[in-house]
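# Summary of structural features
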Amino acid sequence: MQNNESLEGKCLCGEVKYKITDKPLFTQACHCKDCKILTGSSYIVNTSVLENTLLIEGEVSSSIKMKAGSGASYRTYFCAKCGTYVYADYDSAVGRLTVRTKTLDNSEDFPPQAHIFIKDKDPWLNLADDVNCFEEMYDPKKTWPEESLNRYNEYLINRSKEIE
C-alpha cells in the first residue's frame, strides 16, 4: 500500500462502505468456538487497523457486548440494512479495530499471518506446515511484524498525549 492509497470495502448490499487510510497492522484467522457461532463458519479472518484509519460511510448497528474466546469483551458492528459484520472493537485492543477481512475489496491481498485458537479447529480443516498456528492467543510482541508494532506503539503514545 502506497502512502496516498487507501483500502476500500463494503457490506453485501453496499449500504455501508469504508476506507482504511493506512496499511493494516496484522491479519489473523480465529478458530474459536465463539467465532464459529458468530459467523456460521469454521473460522473468521480479521485484519487489525488503527482506529483512526477506519472511515465508515453508511449506517452501522452494534451488537451487545460479548466475550471472545480469549475472554476479552468486544462489540461487533454491522450494516443496519443487510447485517454484514464489518468490524469489531475489542476492549483489550486499545486503539485498534478489527475489520472483517473478506469485506475488503481486495481481501485476497491479506491472507492470515496467524491462525489462533486452533485447539477448536475443525478436524477436517488442514493447515499448511508453514502456517503460524497458536493453540489459543499469541503475544503480538513476538508475532507481529516489527513495523506494525512500531506504528501501533507510536499511535498509542500520540493518543495518550492527546488525551492528557
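What comes next concerns the included structure. What you are looking at is a predicted structure, and each value in this text was computed from that prediction instead of being measured. (Residues numbered from 1 in each chain as written. Predicted model: local features only at pLDDT ≥ 70, side-chain atom pairs only at ≥ 80, totals over all residues. Heavy atoms only, no water.)

With that settled, consider the pairing of strand S4 (residues 44-50). Counting buried positions over the seven residues of S4 gives seven, a clear majority of the element. What you see with S4 is no split at all: Ile 44, Asn 46, Ser 48 and Leu 50 on one side and Val 45, Thr 47 and Val 49 on the other are buried throughout. Here five bridges tie strand S3 (residues 26-30) to S4, and the two strands are oriented antiparallel to one another. What sits directly across from Cys 30, in S4, is Ile 44. With five bridges joining them, S4 and strand S10 (residues 96-100) adopt antiparallel strand pairing. Looking across to S10, one finds that Val 49 is bridged to Leu 97. (Buried < 20%, exposed > 50% of the residue type's maximum accessible area, 1.4 Å probe, protein only. Helix = DSSP H or I, 4+ residues; strand = E, 2+ residues; numbered from the N terminus. Pairing = 2+ DSSP bridges.)

Turning next to the sheet that holds strand S1 (residues 7-10). Pairing within the open sheet is antiparallel, and its three strands lie in the order S1-S2-S5. The sheet is open, and its two borders are formed by S1 and strand S5 (54-57), each paired with just one other strand. Across the sheet, the mean angle from the axis of one strand to that of its neighbour is 20 degrees, orientation sign disregarded. Relative to S5, strand S2 (residues 17-20) runs antiparallel, the two sharing four bridges. (Axes fitted to C-alpha atoms, helices over the stretch in contact; angles between N-to-C directions.)

Attention shifts here to the nonpolar core. Counting residues in each nonpolar core, the largest one holds 22 residues, and the members touching the most others are Cys 30, Tyr 90, Ile 116, Tyr 138 and Trp 144. Within the residue set of this core, elements represented by two or more residues are S3, S4, strand S9 (85-90), strand S11 (114-116) and helix H3 (146-163). The residues contacting Ile 116, other than those within four sequence positions of it, are Gln 28, Ala 29, Cys 30, His 31, Cys 32, Phe 134, Glu 136, Met 137 and Tyr 138. The next biggest cluster of nonpolar side chains, apart from the first, holds 15 residues, and it includes Tyr 18, Val 86, Leu 97 and Leu 104. (Core = buried A, V, L, I, M, F, W, Y, C linked by side-chain atoms within 4.5 Å. Contact = heavy atoms within 4.5 Å.)

The subject of this paragraph is the pattern of salt bridges. Opposite charge on two side chains makes pairing possible when the charged atoms of those side chains draw close. Taken as a whole, this structure holds eight salt bridges when the rule is applied. Of the charged contacts in the structure, one is a salt bridge between Asp 105 and Lys 10, with a shortest N-O distance of 3.1 Å. One end of the pair, Asp 105, is in the loop between S10 and S11; the other, Lys 10, is in strand S1, and 95 residues separate them in sequence. For Lys 10, a relative accessible area of 39% translates into the label partly exposed. (Salt bridge = Lys/Arg side-chain N within 4 Å of Asp/Glu carboxyl O.)

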